[in-house]
Amino acid sequence: QVQLVESGGGLVQHGGSLRLSCAASGSIFSIYVMGWYRRAPGKQRELVATISSGGSTNYADSVKGLLTISRDNAKNTVYLQMNNLKLEDTAVYYCNLLIRRTGGGIDNYWGQGTQVTVSS
């Protein structure tokens, strides 16, 4: 079994900052790609950023320069540092991890989602 726990969401004013975390635990042998997605009200879920096991990052064009994804392999944790937040960043943010389990098998896992609300 693998569990993902997200934290760090909340209410923040326009221009403020938040740091999201997603920690994985359980029967983990290794974690390949880690990523963050978001679903804004009335919209489909979209990719925000990904980071490979080697540290290579990929960002949606809309967030380049504003959000930073990072990972701590020793803690099986991925982070999303969000600066200069805008109203349109309001969404539920989900982490997504591609994990090889101990004993074999590779699966995609999703966090439970954390709400980020940016106020004017």
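Bear in mind that the values here come from a model prediction, so they are computed numbers and not experimental data. (Residues numbered from 1 in each chain as written. Predicted model: local features only at pLDDT ≥ 70, side-chain atom pairs only at ≥ 80, totals over all residues. Heavy atoms only, no water.)

Visitor: Hey, could you run me through the packing of aromatic side chains in this one?
Guide: Tallied over the full model, the rule gives one aromatic pair. For the pair Y37 and W110, a centre-to-centre distance of 5.0 Å together with 65 degrees between the ring planes defines the contact as edge-to-face. Taken together, the residues Y37 in strand β4 (residues 28–39) and W110 in strand β10 (residues 106–110) connect sequence positions 73 residues apart. Lying across the ring of Y94, R45 places its NZ or CZ 5.3 Å from the centre. Across from the ring centre of W110, 3.9 Å away, lies the NZ or CZ of R45, which sits over that ring. (Phe/Tyr/Trp six-rings, centres within 6.5 Å; stacked < 30°, edge-to-face > 60°. Helix = DSSP H or I, 4+ residues; strand = E, 2+ residues; numbered from the N terminus. Lys NZ or Arg CZ within 6 Å of the ring centre and 35° of its normal.)

Visitor: Any chance you could explain the environment of S27 here in plain terms?
Guide: Tracing the backbone shows S27 in the loop between β3 (18–26) and β4. With relative accessibility at 27%, the residue S27 sits in the partly exposed group. For the pair S27 and T68, spaced 41 residues apart in sequence, the C-alpha to C-alpha distance is 28 Å. In contact with S27, other than residues within four places in its own chain, are Q1, V2, R100, R101 and T102. (Buried < 20%, exposed > 50% of the residue type's maximum accessible area, 1.4 Å probe, protein only. Contact = heavy atoms within 4.5 Å.)

Interpretation note: all reported values are geometric properties and have no functional meaning in isolation.
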